[in-house]
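Residue-level listing of the chains:
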Amino acid sequence: MGAGNEKEARVNSAKLTLNIAGVEKTIDFPVIVGSENEVAIDIRDLRAKTGVIALDPSFGNTGSCTSAITYIDGDAGILRYRGIPIEQLGEHSSFVETSYLLINGRLPNKFELGEYSRKLTMHSLIHEDMKHFFDGYPSTAHPMAILSAMVCSLSSFYPEALDATNTELFDITATRLLSKVRTIAAFSYKKSIGQPVMYPRNDLSYCANLLQMMFATPCEPHEPDEEVVKIVNLLLILHADHEQNCSTSTVRVVGSGQANLFASVAAGICALWGPRHGGANQEVIGMLAKIQANGGDVNKFLSLVKDKSSTVKLMGFGHRVYKNFDPRALLIKKAADSALRKLGKPDPLLDVAKRLEEAALKDSYFIDRKLYPNVDFYSGIIYRALGFPTNMFTVLFALGRLPGWIAQWKEMNEDPTTRIARPRQIYTGNVAQDYVPIDSRV
Ligand code: SDX
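Here is what the cut-offs are and how they apply
Residues numbered from 1 in each chain as written. Predicted model: local features only at pLDDT ≥ 70, side-chain atom pairs only at ≥ 80, totals over all residues. Heavy atoms only, no water. Near = heavy atom within 4 Å. Polar contact = N/O pair within 3.5 Å; in protein donor to acceptor, adjacent residues only side chain to side chain. Areas by Shrake-Rupley, 256 points an atom, 1.4 Å probe, with all protein chains shown as cover. Nonpolar A, V, L, I, M, F, W, Y, C, P; charged D, E, K, R; others polar. Pairing = 2+ DSSP bridges. Helix = DSSP H or I, 4+ residues; strand = E, 2+ residues; numbered from the N terminus. Buried < 20%, exposed > 50% of the residue type's maximum accessible area, 1.4 Å probe, protein only. Contact = heavy atoms within 4.5 Å. Axes fitted to C-alpha atoms, helices over the stretch in contact; angles between N-to-C directions. Parallel < 35°, antiparallel > 145°, perpendicular 65-115°, else oblique. Salt bridge = Lys/Arg side-chain N within 4 Å of Asp/Glu carboxyl O.

Q: Honestly, the site of the ligand in this entry has me stumped. Any pointers?
A: Close to the ligand lie 23 residues, the nearest being H242, K308, H319, R328 and R401. One of the side-chain nitrogen or oxygen atoms of H277 is found 2.9 Å away from an oxygen atom of the ligand. Contacts to the ligand include H319, whose side-chain N or O atom sits 2.6 Å from an oxygen atom. The protein chains hide 75% of the 1,100 Å² of surface that the ligand would expose on its own. A class-by-class count of the residues in the shell around the ligand yields eight nonpolar, seven polar and eight charged.

Q: What exactly am I supposed to notice about the pairing of strand β4 (residues 70-73) here?
A: As a general feature of sheets, a regular strand has side chains that alternate between the two faces. Bridge analysis of β4 against strand β5 (residues 78-81) gives four bridges, and the strand direction is antiparallel. Its bridge partner lying in β5, I72 is registered against L79.

Q: I'm lost on helix α3 (residues 95-104) in this one. Help?
A: Helical periodicity: at 3.6 residues per turn, an α-helix aligns residues three or four positions apart in one direction. Taken across its ten residues, α3 has nine buried, putting it largely inside the fold. Of all the positions in α3, only F95, V96, E97, T98, S99, Y100, L101, L102 and I103 are classed as buried. Trailing α3 by a residue or two, G105 shows a phi angle of about 85°, which is positive.

Q: For this particular structure, what's the right way to read the environment of S155?
A: When you line up the elements, S155 lands in helix α6 (residues 143-157). Counting along the chain gives 79 residues from S155 to A76, while the straight-line C-alpha distance between them is 41 Å. Apart from the residues within four sequence positions on either side, S155 is in contact with L162, N260 and F262.

Q: Where do I start with unusual backbone geometry in this structure?
A: Apart from glycine, the bulk of residues carry a negative phi angle, and the bulk of peptide bonds sit in the trans form. Although it is not a glycine, Q258 adopts a positive phi angle of roughly 70°. By the element assignment, Q258 lies in the loop between α10 (246-256) and α11 (261-272). The phi dihedral of T311 falls on the positive side, at around 55°, and the residue is not glycine. Take T311: it is sitting in the loop between α13 (298-306) and α14 (327-343).

Q: What is the right way to read the sheet that holds strand β1 (residues 10-20) from this model?
A: With antiparallel pairing, three strands are arranged side by side in an open sheet as β1-β2-β3. The sheet terminates laterally at β1 and β3 (39-41), the two strands that pair on one side only. Pairs of neighbouring strands in the sheet enclose a mean axial angle of 30°, with direction left out of account. Note: strand β2 (residues 23-33) against β3, three bridges, orientation antiparallel. Each bridged residue has a counterpart across the sheet, and for V31 the counterpart in β3 is I41.

Q: Looking at this structure, I do not really get the side chain of N245. What am I missing?
A: When you line up the elements, N245 lands in the loop between α9 (226-238) and α10. Taking relative accessible area as the criterion, N245 reaches 13% and is therefore assigned buried. At a separation of 2.8 Å, a polar atom in the side chain of N245 contacts the side chain of S247. Apart from the residues lying within four places of it in its own chain, the contact partners of N245 are H277 and R401.

Q: In this structure, what is going on with helix α8 (residues 206-215)? I would like to understand it.
A: Among the ten residues in α8, nine count as buried, and that is most of the element. Buried within α8 we find Y206, C207, A208, N209, L210, L211, Q212, M213 and M214.

Q: What should I look at first to understand the packing of helix α12 (residues 280-293) against helix α17 (residues 376-385) in this one?
A: The relative placement of two packed helices is expressed as an angle between their axes plus a distance between the axes. Two elements in contact, α12 and α17, have axes separated by 8 Å at closest approach and are oriented at 80°. When the axis of α12 is compared with that of α17, the two are roughly perpendicular. Contact residues: A280, N281, V284, I285, M287 and L288 in α12; D376, F377, S379, G380, I381, Y383 and R384 in α17. Grouping the constituent residues of the contact of α12 with α17 by class yields eight nonpolar, three polar and two charged.

Q: I keep staring at the pattern of salt bridges and nothing clicks. Help me out?
A: Two side chains of opposite charge can pair, provided their charged atoms sit close to one another. In the structure shown here, the tally under the stated rule is 19 salt bridges. A salt bridge links E223 to R201, with the nearest nitrogen and oxygen atoms 3.0 Å apart. Of this pair, E223 sits in the loop between α8 and α9 while R201 sits in the loop between α7 (170-192) and α8, and the two are 22 residues apart along the sequence. For E223, a relative accessible area of 53% translates into the label exposed. Its relative accessible area of 22% is what places R201 among the partly exposed residues. Connected via shared salt-bridge partners are R201, D203 and E223.

Right under this line is the structure:
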């Protein structure tokens, strides 16, 4: 698979006839056809050939790149990483193996997987000086604020990684990032509850180490339960990449300026934080808890959502791409049932979530707008059952999405056609006017 895959896409051509202000012009544009037969008109020469630009404010109709990493079919509810369906990866793979697949473009053999796991284990410590950064934060600091700041600060400890064009350093930089983010996440949690941090243990697997750093204390070891480790692997796999979503596009835009991987990913973490994006998983729990506190009447809540003046959204529902169902939501809903049963931790919010979903999927307001549960609707229920606090949910989303951000950043940097991302605009402000001296102003 080539980098960026310009050469992998088939190129035809389209004639576009534009009649602008009475002037008719017919122009040829290349048509790009991808490996799943998606079609795009390549308009990179539109302005040069016509003097006009295309306007698409939230990029809903605009492709920013060709990519060989993740394929989504929003109507058929298909999600594949490097061609492999997430249902199969969820059942057979681990987060470390899926990270290798996304970043390197193929599944590792036994030796490669062992080596990759070993390297992730050997790079889990953060510099001792960095540990003191946590002392400066209030215990109420949101862990996403700490995570983005710490990830960007990693560049201070690996100055050689500042040169984004040095491809020799990519593997070690990506491995350090993927390994240390767990430590940073766990340290930020310990900071928020006033407990001493727990160092990583080299005898544990990737996800078991995260759990140990989160839930062990110097007085009490924490041997993560096998079932819990499997559930965490599944959740991280299901979040690992999702083509050109808001945060991934942010990583690509920041990286297109040749900013280093740490800085690009720190920007992606900030983009993910918003409640319309990765911050939704935290909002869903608040929404479910409020419904339950108000007597559990889901229809009353849905009436509020349908009343536009309320501006209340059904969090965890809706998606720009999935207009039928989000395959991840189906898998997470199933996992929620089995996780709560295996952990012996029934959660009344799961029942509220299921009744809310059932009522919404029967309601024409949601059906007409093609609104279905997305990845964030059920994930918080499981995180809660695993003992994670609500304000860590989006951090866990970021941890899962990390290999995807890294893979997309790498693909962008390897693509010889990559230029700095610099959208245009249509100006609607004042036309030319002169400066008015202060004494002449009213
Ligand atoms: C993620 O892009 C990705 O791939 C993201 C993600 C990933 O893996 O990276 O999948 C992760 O971010 C999932 C989405 C998590 N966010 C939420 O659950 C927040 C609630 N959802 C909405 O804010 C919304 O659905 C978005 C942001 C997800 C999508 O917004 P769009 O595509 O811009 O859709 P829209 O706002 O234009 O909505 C179309 C209509 C509108 O109604 P009308 O003006 O046509 O009457 O649907 C309505 C919206 O008001 N609508 C909702 C709704 N989502 C859309 N109404 C109530 N509740 C909702 N959740």
